[in-house]
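Here are the chains, one letter per residue:
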Amino acid sequence: MTTIHRLETAGADIAYDVHGSLPPAGGRPPLFMIGQPMEASGFGTLASHFPDRTVITYDPRGLGRSTRNDGRVDNAPTVQADDVHAVIEALGAGPVEMFASSGGAVTALALVAAYPDDVTTLVAHEPPLLALLPDTAAAERARAGVRDAYEARGSSAGMAAFIAMTSWPGEYTDDYFAQPAPDPALFGMPAGDDGTRDDPLLSDRSWAVSSYRPDVGALRAAPTRVVIAVGEESAGTVTARTSAATADLLGQQPTVFPSHHGGFLGAESGYAGQPEAFARRLREVLDDGT
């Protein structure tokens, strides 16, 4: 059974879903799944592999069903952490376990730093923290190139540039910047400009996410068990490198999961991973602490 809820927070109306019962059956805490800029719908396949758990999903403010009235369009992890904290309080079920991917992993790290009693175990999957890389300046230049391609030529050009950036192996060298602009047709995308300039992934609206610097002292002091996860197929890419840098910051090695950056996604996403194997690994990490 899934129920849909709405919660007013400071400057936003947050939509969240409860898959299962509250309080949860079996004595386990709710399992909260978050992404950024991905909405709740992106976790449908992964959640289906946890029929024995009460799973919580939500749409970040300004995305999907969650509207905002704060007069802003930027996505800040500290603001989103406040929203997630408000949802956890509204659940009334105590601290949660959390799986957080990509920008959602950044939000989750901000959440644990600010509200250390909200989460018992956090599995933070491939947080794109460019500020932690040895080649931060070059990575930020590459990020700006995605924004510039999007602003100049629209979504297809921007997404082609994003794919080129996120699939590049290793540091961003002169060879990367010497490449010609990737042709969207190579990725099966239509030519032409769709006229949009508000995409949270391709614009600069989410730069606060990838520029975020975790509060290491607060994370280490928190009672939360923080696990930094990385996909086995991501080796060498920017999110694998940021995952390694984040793990190192916390004095650990990344925990390897099946597949790629979207390894938990089903075929309906257009970027299918290995969701069954991914869910099995997530369950192992949550249950066994490995």
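Everything here concerns the structure above.
Every chain begins its residue count from 1, and numbering advances along the sequence as written. For this predicted model, a pLDDT threshold of at least 70 governs which residues receive local features, and a threshold of 80 or more governs which side-chain atom pairs are given and counted, while totals over whole chains, interfaces and linings are taken from all residues. The side-chain values count all of the structure's non-hydrogen atoms but skip hydrogen atoms and water molecules.

## Quick look at the pairing of strand S6 (residues 96-101)
(1) Moving on: Residue burial is assigned from relative accessible area. The probe radius is 1.4 Å, only protein chains are included, and a residue is buried under 20% of its type maximum, exposed over 50%, and partly exposed in between. Each helix is a run of DSSP H or I of at least 4 residues and each strand a run of E of at least 2, with the numbering of both proceeding from the N terminus. For S6, the tally of buried residues reaches six of six residues, placing the bulk of the element in the interior.
(2) Moving on: Residues of S6 alternate between two faces, with Val96, Met98 and Ala100 on one and Glu97, Phe99 and Ser101 on the opposite face, all of them buried.
(3) Moving on: Pairing analysis gives four bridges linking strand S3 (residues 31-34) to S6, with the strands arranged parallel. Across the sheet, the residue bridging to Leu31 is Glu97, located in S6.
(4) Moving on: Should DSSP find at least two bridges between two strands, the strands are regarded as paired. Pairing of S6 with strand S7 (residues 119-125) involves six bridges; the strand directions are parallel. Across the sheet, the residue bridging to Val96 is Val119, located in S7.
(5) Moving on: Here, the term right-handed applies to a crossover whose path from the first strand over the helix to the second runs clockwise when the strands point away from the viewer. Assessed by its sense of winding, the connection that carries the chain from S6 through helix H3 (residues 103-114) to S7 is right-handed.

## Focus: unusual backbone geometry
(1) Moving on: Between Leu22 and the following residue, Pro23, the backbone shows a cis peptide bond with an omega angle of -5°.
(2) Moving on: Along the polypeptide, Pro23 turns up in the loop between strand S2 (12-19) and S3.
(3) Moving on: With an omega of 5°, the peptide bond running from Gln36 to Pro37 counts as cis.
(4) Moving on: Among the secondary structure elements, Pro37 is positioned in the loop between S3 and helix H1 (44-48).
(5) Moving on: Phi at Ser102 takes a positive value of approximately 55°, unusual for a residue other than glycine.
(6) Moving on: Among the structural elements, Ser102 can be located in the loop between S6 and H3.
(7) Moving on: Although it is not a glycine, Ser259 adopts a positive phi angle of roughly 75°.

## Side note on the side chain of Ser203
(1) Moving on: Summarising the element assignment, Ser203 is placed in the loop between helix H6 (174-177) and helix H7 (207-210).
(2) Moving on: Polar contacts involving the side chain of Ser203 include one to the main-chain carbonyl oxygen of Asp199, which spans 2.6 Å.
(3) Moving on: We call two N or O atoms a polar contact when they sit within 3.5 Å, provided that within protein one can donate a hydrogen and the other can accept it, with sequence-adjacent residues counted only if both atoms are side-chain atoms. Engagement of the side chain of Ser203 in a polar contact is seen with the backbone nitrogen of Arg205, the distance being 3.2 Å.
(4) Moving on: The contacts of Ser203, once residues within four sequence positions are left out, are Arg147, Tyr150, Arg197 and Asp198. Residue contacts follow a heavy-atom distance rule, with two residues in contact if any of their heavy atoms lie within 4.5 Å.

## A word on the side chain of Thr57
(1) Moving on: Inspection of the secondary structure assignment puts Thr57 in strand S4 (residues 55-58).
(2) Moving on: What makes Thr57 buried here is its relative accessible area of 2%.
(3) Moving on: Here the side chain of Thr57 touches His19 through a polar contact of 3.1 Å, side chain to side chain.
(4) Moving on: Once residues lying within four places of it in the same chain are set aside, the contact partners of Thr57 are Tyr16, Asp17, His19, Phe32, Met33, Ala40 and Phe43.

## Observations regarding the packing of helix H4 (residues 136-153) against helix H5 (residues 155-167)
(1) Moving on: Note on definitions: angles span 0 to 180 degrees between N-to-C directions of axes, and those axes are lines fitted to C-alpha atoms, for helices only across the stretch in contact. With their axes 6 Å apart at the nearest point, H4 and H5 run at an angle of 160° to one another. In terms of their interaxial angle, H4 and H5 are classed as roughly antiparallel. The element H4 and its partner H5 pack so that their crossing is right-handed. Along the contact surface, H4 presents Ala139, Ala142, Arg143, Val146, Ala149, Tyr150 and Arg153, while H5 presents Ser155, Ala157, Gly158, Ala161, Phe162 and Met165.
(2) Moving on: Per-class residue counts for the contact of H4 with H5 are nine nonpolar, two polar and two charged. Orientation categories follow fixed angle ranges, with anything under 35 degrees roughly parallel, anything over 145 roughly antiparallel, 65 to 115 roughly perpendicular, and all other angles oblique. Handedness of a crossing follows from how the near helix is turned relative to the far one, being left-handed for an anticlockwise turn of less than a right angle and right-handed for a clockwise one. Classes in brief: Ala, Val, Leu, Ile, Met, Phe, Trp, Tyr, Cys and Pro nonpolar; Asp, Glu, Lys and Arg charged; the others, Gly included, polar.

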